[in-house]
Amino acid sequence: SMVQSHALARSIGRVFRFHLGSMAMGSGILALVRTVRYVMVVLDERTKELQASSMLAKFAMKCVHCVLWCFEKSIKFITRFAYVFIGATGDNFCKSAVRTFKLVVEHPLQMAANELSLWVFVLLQTLLTPLACALLAYFSIVKEWRFAFSDSLEVSLRVAAEGIGGALNASATASDVLDATDNQLDALKSWGVSVESNDVLIPPNAVAVAVAVLLLAYVVTSLFKVVCVAAIDTIFVCKFVDDLSFGGSLGANKNLDAFSHERHAPKAESVIAP
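A brief report on the enclosed structure follows.

Quick notes on the rules
- Residues numbered from 1 in each chain as written.
- Predicted model: local features only at pLDDT ≥ 70, side-chain atom pairs only at ≥ 80, totals over all residues.
- Heavy atoms only, no water.
- Salt bridge = Lys/Arg side-chain N within 4 Å of Asp/Glu carboxyl O.
- Helix = DSSP H or I, 4+ residues; strand = E, 2+ residues; numbered from the N terminus.
- Buried < 20%, exposed > 50% of the residue type's maximum accessible area, 1.4 Å probe, protein only.
- Polar contact = N/O pair within 3.5 Å; in protein donor to acceptor, adjacent residues only side chain to side chain.
- Expected span 1.5 Å × (residues − 1).
- Axes fitted to C-alpha atoms, helices over the stretch in contact; angles between N-to-C directions.
- Parallel < 35°, antiparallel > 145°, perpendicular 65-115°, else oblique.
- Left-handed = near helix turned anticlockwise from the far one by under 90°.
- Contact = heavy atoms within 4.5 Å.
- Nonpolar A, V, L, I, M, F, W, Y, C, P; charged D, E, K, R; others polar.

## Overview of the pattern of salt bridges
- In total, this model carries 8 salt bridges according to the counting rule given.
- Here R34 makes a salt bridge to E72, at a shortest N to O gap of 2.4 Å. In this pair, R34 sits in helix α2 (residues 20-46) while E72 sits in helix α4 (residues 55-89), placing the two residues 38 residues apart along the sequence.
- Residue E72 is classed as buried on the basis of its relative accessible area of 3%.
- With a closest N to O distance of 3.8 Å, K76 and E72 form a salt bridge.

See below:
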């Protein structure tokens, strides 16, 4: 089987061994386009007086900015799928970029559906997950859920400890469990900002906790978003390669025969050729 241990480490080593040129090519093209945009921004600032006196010059500058923005977005889109083709077939960047372009031209509706579903998924993930975490953090402070949880936990643990002690006829065991339970519950209940007057516990600011949790959840969700988008794009590309090159036989096989050395299917280049 081609499914090997340490797959992540092997994949990273394969990238640095065989595909550094492809990584440099894609990054270089994006850097070149971004440099041209920066140059146009500087030129735009230097020609403010000319644009103020000439509507044609101002309109031309806006058109150039729009074209460069669209071109950069297109390059990013093609590069994203080109890297998926590189990982799936092992080809160079140029060949994979041509295959990406052919995929977009031949299957525009499927590509649009994939991008729309990705946009909805990312929007829901980016908005709902941090908001849900922030609301839970806020109400856990305002409603003092930790105290209610600790009280119910205390009752449950005491009942369980007494039951265990009675079943084993060993009161020392139940006593030890109860002592440990009391210590943990006291530590849980004492969480907060302590003031010296009458040992009153002041809980932390609920809004501050919610904002902190919101920011942390957004960062974590953004990291997972990159992984999810890459995984969905990879599945999308592999499905089309399978359908066009192997008639859908590899993806439909439930026994993972697609990863076996014993199968000799025609190469992907026979159908998806640049």
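Let's pick the thread back up.
## Brief notes about the environment of S117
- Inspection of the secondary structure assignment puts S117 in helix α6 (residues 108-142).
- S117 sits 115 residues away from I232 along the chain, and the two C-alpha atoms are 9.9 Å apart.
- A polar atom in the side chain of S117 sits 2.8 Å from the backbone oxygen of N114.

## Here we look at α4
- The terminal C-alpha atoms of α4 lie 50 Å apart, and with 35 residues this matches the ideal 51 Å at 1.5 Å per residue to within 8%.
- Downstream of α4 by a residue or two, G90 has a phi angle that is positive, lying close to 80°.

## Some remarks on the packing of α4 against helix α5 (residues 93-106)
- Viewed as axis vectors pointing N to C, α4 and α5 meet at an angle of 115°, and their least axial separation amounts to 8 Å. Taken together, the axis directions place α4 and α5 in an arrangement best described as roughly perpendicular. The element α4 and its partner α5 pack so that their crossing is right-handed. Here F77, I78, T79, F81, A82, Y83, F85, I86 and T89 of α4 lie close against α5, whose contacting residues are F93, S96, A97, R99, T100, L103 and V104.
- Taken together, the residues that form the contact of α4 with α5 break down as 11 nonpolar, 4 polar and 1 charged.

Treat this as a map of the structure, not an account of what it does.
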